[in-house]
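# Coordinate analysis (summary)
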Amino acid sequence: MEEFKTIIEPFKIKMVEPIKVSTSDERLSYLQQAHYNPFLLKSDEVMIDFLTDSGTSAMSANQWAGIMVGDESYAGARSWNHMRETVETLSGHGYVLPTHQGRAGERILYGFLGGKGKVFISNTHFDTTRANIEFSGAEAIDIVIEEGKNPREFHPFKGNMDVVKLEALIQEKGAENIGAVILTVTNNSGGGQPVSMENTRQVSAICKKYGVHLFLDCCRVAENAYFIKHREPGFENHTYYEIAQEMFRLTDGSVMSAKKDALVNMGGFITLKDEALANECKNLLIITEGFATYGGLSGRDMEALAIGLKEVFEPDYLHYRIRSTAFLGERLRDMGVPLMWPIGGHAVYIDAKELYDHIPVQEYPGQALVCELYKKGGIRTVEIGSVMFGKYDNEGKLIPAPMELVRLAIPRRVYTQSHIEFVIEVFEKIMQDKASAKGLKIVEEPLFLRHFTSKFEQL
Ligand code: F0G
């Protein structure tokens, strides 16, 4: 696409879902009813939903047409063949297993390769990936490069894995004890930051040298390809699709949550090169997910997935997608909102500890910002800080998370420029009223994953 200042949404809208516009009084009462936890809000009470980019995409006319021709046969459905061929052509891996979403694939593959004494190494394991690995009894170690831990420093590929640490870890733990090495592209937990091809090649070479499996957590592989084309020398003339293909070719397999870059609301898959490993996983798939030619998906889901996984590589779409996320981030940065830099592919992460430096971490500045964004503009976001990751010591004192972030995850093809302008305006108000934001205390919480269901009171 030629460079214009205004990037248009490269689609027309022919079906709409109404947003209920609320008043600030209504929102305050909804928030109180939800005990200051936006996970407990009804979606009808939300105006702009930035809770996640997962499963929240708008499907295209072609995908909806695919829904109508979905083949619901139990075995060997046409829709399965369409999905299998699409995934096989992209990945170059000979074995494809359908799953209902990403974590189902993680449980099957990492559950099989894991177990007590095994170690998994990643740039950063996503929460469900880590949970599945640890649930099997294995250990999960994150080794993103140092630049990836500094929220302000520019580096073109902050999702890269530290290859020196990788080799040292394999030697220390023993290659036979490594369950797998996993490259997460883009690195969600690290701010949606990309991984370079050069880094993938180096990781791949080390894994080959020691005979260790390398898998791609590829749920945002198209977004990652955009960054490679525009930031890594030598890829200017490659298509996004070719870049993704090359990345897959450097690995032994992948796990995908299709709810992201396959532009569907539900779906996933595992790909593998190795037949014996694929057969083991297929047996587990049949026990818990479904037969090997649908794995927990309807035929129509597989059809839409096959179409979405091609659409996502269209240059106009990817340009709009990455630039519109960056647009929001750049405007907020110009306004003085402290955030993770550079902006990643699918989300903008605000540094609430710095924004609300008058709220101590024990009073959850991230949750305070989440509540302010909702009260002021009906915007739903998620805290990624001490509510999500905080622990208690023996005296019951909070051990805070390393950062107090708030994620604005942008659903694909759902919101327009004016929605984004609205969000920017809400942030202007946030900045004006910064000093009046109040901390919160937790009044009720479950033992695990407390961010989903905890109840809060404003201080
Ligand atoms: N891997 C990554 C990098 C993810 O971001 C996710 C989900 C998964 C695996 C698990 O996939 O949800 O289909 O089971 N991320 C969502 C998010 C939930 O909001 O970032 P799933």
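No experiment lies behind these values; they were computed from the predicted model shown. (Residues numbered from 1 in each chain as written. Predicted model: local features only at pLDDT ≥ 70, side-chain atom pairs only at ≥ 80, totals over all residues. Heavy atoms only, no water.)

### A look at empty space enclosed by the protein
One pass over the structure, following the stated rule, counts one cavity of 30 Å³ or more. Space inside the largest cavity adds up to approximately 60 Å³. What lines the largest cavity is simply Asn-37, Pro-38, Phe-39, Gln-367, Thr-381, Val-382, Glu-383, His-451 and Phe-456. Across the lining of the largest cavity, the residue classes tally to four nonpolar, four polar and one charged. (1 Å grid on protein atoms, 1.4 Å probe; cavity = no way out; pocket = protein on both sides within 12 Å on 5 of 7 lines; lining within 4 Å. Points joined across faces, edges and corners; volume = space filled by probe spheres on them. Nonpolar A, V, L, I, M, F, W, Y, C, P; charged D, E, K, R; others polar.)

### Digging into the site of the ligand
Taken together, 17 residues are adjacent to the ligand, and Thr-52, Arg-103, Asp-217, Ser-257 and Lys-260 come closest. In this structure, an oxygen atom belonging to the ligand sits 3.0 Å away from a side-chain N or O atom of Arg-220. Arg-407 places a side-chain nitrogen or oxygen 2.8 Å from an oxygen atom of the ligand. Broken down by element, the shell around the ligand gets its largest block of residues, three residues, from helix H4 (residues 102-113). When grouped by side-chain class, the residues that make up the shell around the ligand number two nonpolar, eight polar and seven charged. (Near = heavy atom within 4 Å. Polar contact = N/O pair within 3.5 Å; in protein donor to acceptor, adjacent residues only side chain to side chain. Helix = DSSP H or I, 4+ residues; strand = E, 2+ residues; numbered from the N terminus.)

### Considerations on the layout of surface pockets
In this model, the second largest pocket occupies a volume close to 1,400 Å³. Taken together, 37 residues line the second largest pocket, and the ones lying closest to its centre are Met-15, Glu-17, Ala-58, Arg-413 and Val-414. Those elements giving two or more residues to the lining of the second largest pocket turn out to be helix H2 (61-68) and helix H12 (315-334). By residue number, the principal contributor to the lining of the second largest pocket is H2, which donates three residues. Each residue belonging to the lining of the second largest pocket can be placed in one class, and the counts come to 18 nonpolar, nine polar and ten charged.

### As for the nonpolar core
Grouped together as the largest cluster of nonpolar side chains are 62 residues, with contacts concentrated most on Met-83, Ile-121, Leu-166 and Val-181. It is helix H8 (residues 221-231) that provides the largest number of residues to this core, a total of six residues. Two domains each put at least three residues into this core: domain 1 (24-53 + 314-458) and domain 2 (61-311). Setting aside residues up to four positions removed in sequence, Met-83 forms contacts with Pro-98, Gly-268, Phe-269, Leu-297, Met-302, Leu-305 and Ala-306. In this structure, Leu-339, Leu-355, Val-423 and Ala-437 belong to the second largest nonpolar core, which totals 46 residues. (Core = buried A, V, L, I, M, F, W, Y, C linked by side-chain atoms within 4.5 Å. Buried < 20%, exposed > 50% of the residue type's maximum accessible area, 1.4 Å probe, protein only. Domains from an automatic or database assignment. Contact = heavy atoms within 4.5 Å.)

### Thoughts on the domain arrangement of the protein
If you check the domain split of the protein, you get domain 1 (24-53 + 314-458) and domain 2 (61-311). A C-alpha centroid distance of 27 Å is found between domain 1 and domain 2. Remark: the boundary between domain 1 and domain 2 carries seven salt bridges. Along the contact surface separating domain 1 from domain 2 lie 18 residue pairs in polar contact (both at pLDDT 80 or more). Elements represented by at least two residues in the side of domain 1 that touches domain 2 include exactly H12, strand S9 (347-351) and helix H15 (386-389). (Salt bridge = Lys/Arg side-chain N within 4 Å of Asp/Glu carboxyl O.)

### Things to note about the side chain of Gln-367
By the element assignment, Gln-367 lies in helix H14 (residues 365-377). Not counting the four nearest positions on each side in its chain, Gln-367 is found in contact with Tyr-36, Asn-37, Pro-38, Glu-383, Val-387, Leu-440 and Phe-456.

### A look at the sheet that holds strand S11 (residues 382-384)
Taken together, the three strands give an open sheet; going across it, the order is S9-S14-S11, and neighbouring strands pair in antiparallel fashion. Both edges of this open sheet fall to S9 and S11, since each of them pairs with a single strand only. Taken over all neighbouring pairs, the strand axes of this sheet differ in orientation by 30° on average, direction set aside. The sheet contact formed by S11 and strand S14 (residues 405-409) spans three bridges and is antiparallel. By the bridge assignment for S14, Glu-383 is matched with Val-406. Packing against the sheet, H12 makes contact with S9 and S14, and its axis sits at approximately 20° to S9. (Pairing = 2+ DSSP bridges. Axes fitted to C-alpha atoms, helices over the stretch in contact; angles between N-to-C directions.)

### Comments concerning unusual backbone geometry
The peptide bond linking Val-185 to Thr-186 adopts the cis configuration, its omega dihedral lying at -20°. A cis amide bond, omega -10°, links Trp-341 with the succeeding residue Pro-342. If you check the backbone angles, His-35 has positive phi at about 55° while not being a glycine. Relative to the helices and strands, His-35 resides in the loop between helix H1 (24-33) and strand S1 (48-49).

### Here we look at the sheet that holds strand S3 (residues 119-122)
Here we have seven strands laid out as an open sheet, ordered S2-S8-S7-S6-S5-S3-S4, and mixed in their pairing. Both edges of this open sheet fall to strand S2 (95-99) and strand S4 (139-142), since each of them pairs with a single strand only. Recorded for the sheet is a direction-independent mean angle of 20° between the axes of neighbouring strands. Direction of pairing for S2 relative to strand S8 (residues 268-272): antiparallel, over a ladder of five bridges. Following the sheet pairing, Val-96 is matched in S8 by Thr-271.

### A few points about the packing of aromatic side chains
In total, this model carries twelve aromatic pairs according to the counting rule given. Ring plane angle 25° and centroid distance 5.9 Å describe the contact between Tyr-74 and Phe-291, whose orientation is recorded as stacked. Placement of the pair is Tyr-74 in the loop between H2 and helix H3 (78-91) and Phe-291 in the loop between helix H10 (275-288) and helix H11 (299-311), with a sequence separation of 217 residues. According to the relative accessible area criterion, Tyr-74 is exposed, its value standing at 57%. Aromatic rings pair up to connect Phe-11, Tyr-317 and Tyr-320 into one cluster. Its guanidinium or amino end placed over the ring of Tyr-240, Lys-229 lies 5.6 Å from that ring's centre, counting from NZ or CZ. The ring centre of Trp-341 lies 3.7 Å from the NZ or CZ of Arg-333, which sits over that ring. (Phe/Tyr/Trp six-rings, centres within 6.5 Å; stacked < 30°, edge-to-face > 60°. Lys NZ or Arg CZ within 6 Å of the ring centre and 35° of its normal.)

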